[in-house]
Amino acid sequence: MADHLLEVRNLSVEFHTAMGTVKAVDSISYHVDRGETLAILGESGSGKSVSSSAIMNLIDMPPGRISSGEILLDGADLLRMSAEQRRQINGKRIAMIFQDPLSHLNPVYTVGWQIRETLTAHGKSSAEAQTEALRLVTRVGIPDPEHALKKYPHQFSGGQRQRIMIAMALALRPDLLIADEPTTALDVTVQAEVLALLKELQRETGMAVIIITHDLGVVTEIADRVVVMEKGALVESGTVREVYKSPQHPYTRKLIAAAPGKGEMHEPHSKGEPALSVRDVRKAYGGFQALKGISFDLMPGETLAVVGESGSGKSTLARILLRLDEPDGGSALWKGRDLFTLAPAELYKLRRDLQMVFQDPTQSLNPRMTVYQLISEAWVIHPDILPRPKWREKVAELLVQVGLSPDHMKRYPHQFSGGQRQRIAIARALALEPQLIVCDEAVSALDVSIQAQVIALLDRLRKEMGIAFIFIAHDLPVVRDFADHVMVMQKGEVVELGTVREVFEAPQQEYTRALLAASLDPDPDVQAALRAARMEHAS
Amino acid sequence: MTAHTTESPIAEEPGVIRRFGRMLLADKFAFCAAIFLIVMILLAIVGPSWFGDIAIKQNLRGRNLPPFDWERGWIWWMGADALGRPLLARIIVATQNTLMVAAGAVVISAVVGTVLGLIAGFSSPRVNQVIMRLADVIMSFPSLLIAVIVLYLLGSSILNLMLVLAITRIPVYLRTTRAEVLEIRERMFVQAARVMGASSKRILFRHILPVVFPTLTTLATLDFAYVMLAESALSFLGIGIQPPEITWGLMISQGRQYLTNAWWLSFWPGLAIILTTMSLNLLSNWMRIAFDPVQRWRLEMRGSTNG
């Protein structure tokens, strides 16, 4: 009975909404032992976070309701305890870290104060708390710990903030740590470091870890066992190797197949005049040099992937090419004309050729416009493309082209899922019949299986319509199957530029190699090799 | 959880008027509010010609006649004022002036303030500075002081009163609009429109204004009550609307000196103000939901279950 540290049995959680009762999780069971890491893998809407919220008593009731099941911590059912008893368990025995550390740290107190507070709240003297806080911050690898305790959360980078969150979670030496997408908001190299830290700490303290993630790579990197969730149901469970090597459920198979970076690589061979020729673009924000002279060429109908971590200047580059921001210097020749010196009237005409697809379709589509209005807006702005009577027909055609149905026309964006919304955004970009589409992290906000579909769609459009793409991403595997050329950026500079095969198979630069090693592969064997490479890097 | 997607094909949509009619029926409070406001508007139109005479006819034997005296005609049910004039008739006649001044002032200030706010939020820093400092100047004057000066210079008429009240309220809309525009114009869908080559005018009116609009309607309905009271304050100072013209605000201030022995003199016009602003509030609340496609289902769901 009490042999597992935590056991969830037949847990069902319902949410009452105006659309009727929704079963967020439907009689799921799993368990985790001391010293073990369990991964809960699922896409958005799968209910993967709901069960951990139930463990932490974080579900709002109503509208939520736990309709059946029990959650046993050392054999005692959490769901039958009083609120006071559960408060004693939360933090002390079960701790949690979240995706976005910035919103979970109080911005008006120093980091040291916040760690000490956790300790003194549970009965340590302030002197003890101070030494303990210092020890924790040192342990999670924050440089200059003495000084760091006196700083405020915004003075740290994203990875450091996540480390501080981990330090706070570990302050009371919990038996179980729940990590909800702890590395999703971090850069790949930082992600690898944070996961390694979690693993080390687990080995030291012997705590159990439940990690909730959508990323197979993270699962392979850190977990011992994995449970896969789909639409509130638990579809598969087993050790990571079993699940990866011989998945039983079709959904698991689909997830594994969707992981990027396994297809054929492109072999660009087009010769001739580049469609876009960028030379020495510079941009500074105050004293900060965002772009320090970027140059590249883009052939018509080809895809250039721009890869870099946050702060590398890749989004600034996209905004400047589309004249959403003004550059400080340099030139960008599009069919022989410099984009940066165009007058507004000429720029307006050129907008037809250059389009952009944004990262988050929830934000890039006006919530008060129907799909028809969104797509046809292009023709309102550029009336010479298409006469009004033909709009309806053309919208239907575009919707079919991106894999939606013509009767979606009358709906509003919120009635679609994330992947469908991104398709609408692509259809809108296509409405102007552009020759170059800049995709700024266009698939980063999407689930893995949908990512693959959207990338396949973009690649098809490139082949059929000869559209050139500049594809911005923070993750290398995503661009492997899709790009012709890859440009790696770091701190506003081009680190490496070459064909996709050159960059992936024979990276010249240290930074590119680090990026490649840091990206997590879903295959346990490949991942082991990568880890070895990373270790070598570190030493 | 992400938003639910309904996969069923959408049924043929009914016409816009029927659709909004149904949504209005679904919200009972908003429905009552709408009816009340329509009655008020009708009274404002026909009131002065039907009850104009009886409302100003003095009857000194019926001074401060208490309300609920069922033996007299229905026009006396609310009692009579200090000069024995029936309050019900006076309230009905006053509807026209009151609503005209309040609605006029609110509409003028809202339109001017919003347009200036949109411009301030979207144009060059210099234009922004000029507009904002103008707003500061208006705000730094006590609004009654401006009113006194302007009305003294221009003479007191309903139009002037409207303008004065509007001017003092412009900064409220201006600042709200500007603040929202500054936030909304950084949103992705505005950037997307810019990439498509949309003109500033289109971005402002097609993309930004609809998002700001609900805030502004809420603000306007709250302002409605404020303006009615400000107007009565001006009347009290002797520079607003003067007897024999009547407004609800003026009636309240006239009843003030009899508050201890004849409460109804101020109570009924006060009630009229409260009911009107409350109706406007309920209706603007309904409008906020009905015009938002993300929220609209709340009303449509309720409509279908209620039959």
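Quick caveat, the model's predicted, so the values are computed rather than measured.

Peer 1: Hey, could you go over the packing of helix 5 (residues 143-154) of chain B against helix 6 (residues 158-184) of chain B for me, with residue numbers and the actual values?
Peer 2: Residues and elements named next belong to chain B. The interhelical angle for the contact between helix 5 and helix 6, taken along N-to-C directions, is 150°, at an axis separation of 10 Å. It follows that helix 5 is roughly antiparallel to helix 6 by the angle criterion. Between helix 5 and helix 6 lies a crossing of right-handed hand. In contact with S143, I146, A147, V150, L151 and L154 of helix 5, helix 6 contributes N160, L161, V164 and T168.

Peer 1: So what's going on with the UniProt feature "domain: ABC transmembrane type-1" (unreviewed entry) in chain B? Residues and values would help.
Peer 2: On the UniProt side, "domain: ABC transmembrane type-1" (unreviewed entry) is annotated at positions that read residues 95-284 of chain B here. Here residues 95-284 of chain B is 84% helix and 0% strand, with 21 Å between the C-alpha atoms at its ends.

Peer 1: Which residues make up the pattern of salt bridges, and what are the values?
Peer 2: Residues and elements named next belong to chain A. One pass over the full model with this rule turns up 40 salt bridges over all chains. R93 serves as the salt-bridge partner of D175, at 2.8 Å between the closest nitrogen and oxygen. Here the residue D175 occupies a position in the loop between helix 7 (158-170) and strand 7 (176-180), and R93 occupies one in the loop between helix 2 (83-89) and strand 6 (94-97), the gap between them amounting to 82 residues. Residue R282 pairs with D280 through a salt bridge whose shortest N-O separation is 3.4 Å. Looking at D280, the relative accessible area reads 34%, which means it is partly exposed.

Peer 1: I'd like to hear about helix 8 (residues 188-205) of chain A, residue by residue, with values.
Peer 2: Residues and elements named next belong to chain A. Given a rise of 1.5 Å per residue, 18 residues ought to cover 26 Å, and the 26 Å separating the end C-alpha atoms of helix 8 matches this to within 8%. What helix 8 keeps buried is the set V188, T189, Q191, A192, V194, L195, L197, L198, L201 and Q202. Downstream of helix 8 by a residue or two, G206 has a phi angle that is positive, lying close to 70°.

Peer 1: An account of the sheet that holds strand 3 (residues 37-41) of chain A is requested, with residue identities and associated values reported.
Peer 2: Residues and elements named next belong to chain A. Spatially, 6-7-8-3-9-10 is the arrangement adopted by the six strands of the open sheet, whose pairing is mixed. At either end of the open sheet lies a strand with only one pairing partner, and these are strand 6 and strand 10 (233-239). Each neighbouring strand pair of the sheet contributes to a mean axis angle of 15°, computed without reference to strand direction. Direction of pairing for strand 3 relative to strand 8 (residues 208-213): parallel, over a ladder of five bridges. Paired with T37 across the strands is V209, a residue of strand 8.

About the criteria used
- Residues numbered from 1 in each chain as written.
- Chains lettered and ligands numbered in written order.
- Predicted model: local features only at pLDDT ≥ 70, side-chain atom pairs only at ≥ 80, totals over all residues.
- Heavy atoms only, no water.
- Axes fitted to C-alpha atoms, helices over the stretch in contact; angles between N-to-C directions.
- Helix = DSSP H or I, 4+ residues; strand = E, 2+ residues; numbered from the N terminus.
- Parallel < 35°, antiparallel > 145°, perpendicular 65-115°, else oblique.
- Left-handed = near helix turned anticlockwise from the far one by under 90°.
- Contact = heavy atoms within 4.5 Å.
- UniProt positions renumbered as here; feature names shortened; annotations may be inferred.
- Salt bridge = Lys/Arg side-chain N within 4 Å of Asp/Glu carboxyl O.
- Buried < 20%, exposed > 50% of the residue type's maximum accessible area, 1.4 Å probe, protein only.
- Expected span 1.5 Å × (residues − 1).
- Pairing = 2+ DSSP bridges.

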